[in-house]
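# What the coordinates show
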Amino acid sequence: MTALRREAIQLVEQMPEEQMPYVIQYIQALKENVLDINLDLGEIEISPKMKAFWELESMIVPISQELDYGKELAEARDEKYDCPD
């Protein structure tokens, strides 16, 4: 492992947990930019399946920490099965 990679990992380990979704989004954006640059330069070939995978990954959005899974499940169930309260 290079010194730069080790330093990056140490910085990520020091970040608070609630900042991790932003760190992940940033890293993914960087990775996509590098992939786009490599594709433009013709350095690597990417299959259509892999390109579709990258597009799907770019749509990932972090979920709010305040999300109440039980409440969301109950609301979805009520909506799907049309259960009155």
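The following refers to the structure shown. Just so it is clear, the structure is predicted and the values come from calculations on it, not from any experiment. (Residues numbered from 1 in each chain as written. Predicted model: local features only at pLDDT ≥ 70, side-chain atom pairs only at ≥ 80, totals over all residues. Heavy atoms only, no water.)

### Some words on the overall build of the chain
A count of helical and extended segments in the chain gives four helices and zero strands. In sequence order, the chain lays out its α and β elements as α-α-α-α. Looking at the chain as a whole, 9% of its 85 residues are labelled buried. Approximately 7900 Å² of the chain is accessible, and the part contributed by carbon and sulfur atoms is 58%. (Helix = DSSP H or I, 4+ residues; strand = E, 2+ residues; numbered from the N terminus. Buried < 20%, exposed > 50% of the residue type's maximum accessible area, 1.4 Å probe, protein only. Areas by Shrake-Rupley, 256 points an atom, 1.4 Å probe, with all protein chains shown as cover.)

### Remarks on a nonpolar patch on the surface
A surface patch of nonpolar side chains, amounting to about 370 Å² of accessible area, comprises Val-12, Tyr-26, Ile-27 and Leu-30. In terms of residue count, helix α2 (residues 20-41) provides more of the nonpolar patch than any other element does, three residues in total. Topologically, Val-12 is positioned in helix α1 (residues 3-14). We classify Val-12 as partly exposed; its relative accessible area is 32%. (Patch = residues over 30% accessible without salt bridge, like charges linked within 9 Å, V, L, I, M, F, W, Y side chains within 5 Å. Salt bridge = Lys/Arg side-chain N within 4 Å of Asp/Glu carboxyl O.)

### As for the packing of aromatic side chains
Summed over the entire model, instances satisfying the criterion amount to one aromatic pair. Seen from their ring centres, Phe-53 and Trp-54 are 6.0 Å apart, and the 65 degrees between their planes marks the pair as edge-to-face. By relative accessible area, Phe-53 is classed as partly exposed at 39%. (Phe/Tyr/Trp six-rings, centres within 6.5 Å; stacked < 30°, edge-to-face > 60°.)

### What about the layout of surface pockets?
Considered as a void within the structure, the largest pocket measures approximately 320 Å³ in volume. Lining of the largest pocket is provided by Arg-5, Ala-8, Ile-9, Leu-11, Val-12, Met-15, Val-23, Tyr-26, Ile-27 and Leu-30. Broken down by secondary-structure element, the contributors of at least two residues to the lining of the largest pocket are α1 and α2. The element best represented in the lining of the largest pocket is α1, accounting for five residues. For the lining of the largest pocket, a count of residues per class yields nine nonpolar, no polar and one charged. (1 Å grid on protein atoms, 1.4 Å probe; cavity = no way out; pocket = protein on both sides within 12 Å on 5 of 7 lines; lining within 4 Å. Points joined across faces, edges and corners; volume = space filled by probe spheres on them. Nonpolar A, V, L, I, M, F, W, Y, C, P; charged D, E, K, R; others polar.)

### Here we look at helix α4 (residues 69-81)
Helix length check: α4 (13 residues) gives 18 Å between terminal C-alpha atoms against 18 Å at 1.5 Å per residue, within 8%. Capping the start of α4 is the job of one residue whose side-chain oxygen sits 3.3 Å from the backbone nitrogen of Gly-70: Asp-68. The positive-phi residue at the C-terminal boundary of α4 is Asp-82, with phi of around 55 degrees. (Expected span 1.5 Å × (residues − 1). Polar contact = N/O pair within 3.5 Å; in protein donor to acceptor, adjacent residues only side chain to side chain.)

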